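# Reading the structure
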Amino acid sequence: MSSKHAHPDDSHHTLAGCGERLRLAREAAGLSVDDVAARLHMPARVVKSLEAEDWSRLGAPVFVRGQVRSYSRLLGLTTAPMMAALDVGPVEPSRLVSRTHTPKAQWWAEQIGRRLVYIILTLSLAVPAWVATRQHLSGTNESTTPLDAPADPSASVPTTSAPASPRTVVASMAPVAPPPAAPASDFVLRTSAESWLEVIAPDGSALEKGLLPAGTERRYAAAQVARLTIGNASAAQLEHRGRAVDLAPFARANVARFAVSSDGSLVAAD
């Protein structure tokens, strides 16, 4: 690529927006829209939207900034001025509202239930042991004669008493049913760095949408999810029914998109 084509006229840089700069640099490099799409591994419609500055078709601002940065590096443009000229809203993390949290009343009920199970288990062990100990002590007190007790004058012939048979105490403990286990989640998402997440429910509503900080974990049942989009996919780990999912085959420009079929399996989505 010659220096003449690598650096368009400064007047264009001054007057043109971010998309116009990308288009002029692409044409100067002799590349078509399809060539750029193939090299960046993104749909041609995304390249056209970037050059037309049609941000509404490109998703969240974090996606737009990443795509413009990749496009600029491909064409040899300095990324700092391009990002400064990018006319897109700042990345504002939205307030995430988890739909899978445990209600406070249910949490208290579970805590009280666990304590009651512990108390019942303790009593079932302690009460039989206390009863057995008390019976043993009572039998010992009844058969023990004080050393200073006077001898019975009427007893002329010593008698030999049969040894007392040992008492057998059986402690019974009724089985205590453990609390029911929580149902396993079909999808488990964990992040090792800041990632963007969008979860669409079967009715088309947004179940969850926004930035996830590093170290976040999200769990969903298959019936809750219709579509799943993960930004910065290289920093996310997804498990589907207990098995790790390789996000690389589903990622385009480090954004992975999935659809959930009727049987709960994952398929790639555009």
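Throughout what follows, the structure given in this document is the object of discussion. (Residues numbered from 1 in each chain as written. Predicted model: local features only at pLDDT ≥ 70, side-chain atom pairs only at ≥ 80, totals over all residues. Heavy atoms only, no water.)

### A short note on the side chain of E51
Among the structural elements, E51 can be located in helix α5 (residues 44–52). Under the relative-accessibility criterion, E51 is labelled buried at 13%. A distance of 2.6 Å separates a polar atom in the side chain of E51 from a polar atom in the side chain of R26. Apart from residues lying up to four places away in sequence, E51 is in contact with G19, E20, L22, R23, R26 and Y71. (Helix = DSSP H or I, 4+ residues; strand = E, 2+ residues; numbered from the N terminus. Buried < 20%, exposed > 50% of the residue type's maximum accessible area, 1.4 Å probe, protein only. Polar contact = N/O pair within 3.5 Å; in protein donor to acceptor, adjacent residues only side chain to side chain. Contact = heavy atoms within 4.5 Å.)

### Some points on helix α4 (residues 33–40)
All of the buried residues along α4 are V33, V36, A37 and L40. All buried residues of α4 project into a common sector of 100° when viewed along the axis, lining one side. Opposite the buried face of α4, by more than 90 degrees, sit the exposed residues D34, A38 and R39. Elements that come into contact with the buried residues of α4 comprise α3 (18–28), α5 and α6 (61–74). A positive backbone phi angle near 55° is found at H41, which sits one or two residues after α4. (Arc of directions from axis to C-beta.)

### Re a nonpolar patch on the surface
Judged by side-chain polarity, W107, W108, I112, L116, Y118, I119, I120, L123, V127, W130 and V131 come together as a nonpolar surface patch covering roughly 1,200 Å² of accessible area. Relative to the assigned elements, V127 resides in helix α8 (residues 104–143). Using a relative accessible area of 43% as the deciding quantity, one classes V127 as partly exposed. (Patch = residues over 30% accessible without salt bridge, like charges linked within 9 Å, V, L, I, M, F, W, Y side chains within 5 Å. Areas by Shrake-Rupley, 256 points an atom, 1.4 Å probe, with all protein chains shown as cover. Salt bridge = Lys/Arg side-chain N within 4 Å of Asp/Glu carboxyl O.)

### Concerning the packing of α4 against α6
Viewed as axis vectors pointing N to C, α4 and α6 meet at an angle of 110°, and their least axial separation amounts to 11 Å. As summarised for this structure, α4 and α6 are arranged roughly perpendicular, according to the angle between their axes. Between α4, through V36, R39 and L40, and α6, the contact on the second element is made entirely by S70, Y71 and L74. Taken together, the residues of the contact of α4 with α6 sort by class into four nonpolar, one polar and one charged. (Axes fitted to C-alpha atoms, helices over the stretch in contact; angles between N-to-C directions. Parallel < 35°, antiparallel > 145°, perpendicular 65-115°, else oblique. Nonpolar A, V, L, I, M, F, W, Y, C, P; charged D, E, K, R; others polar.)

By themselves these figures say nothing about function.
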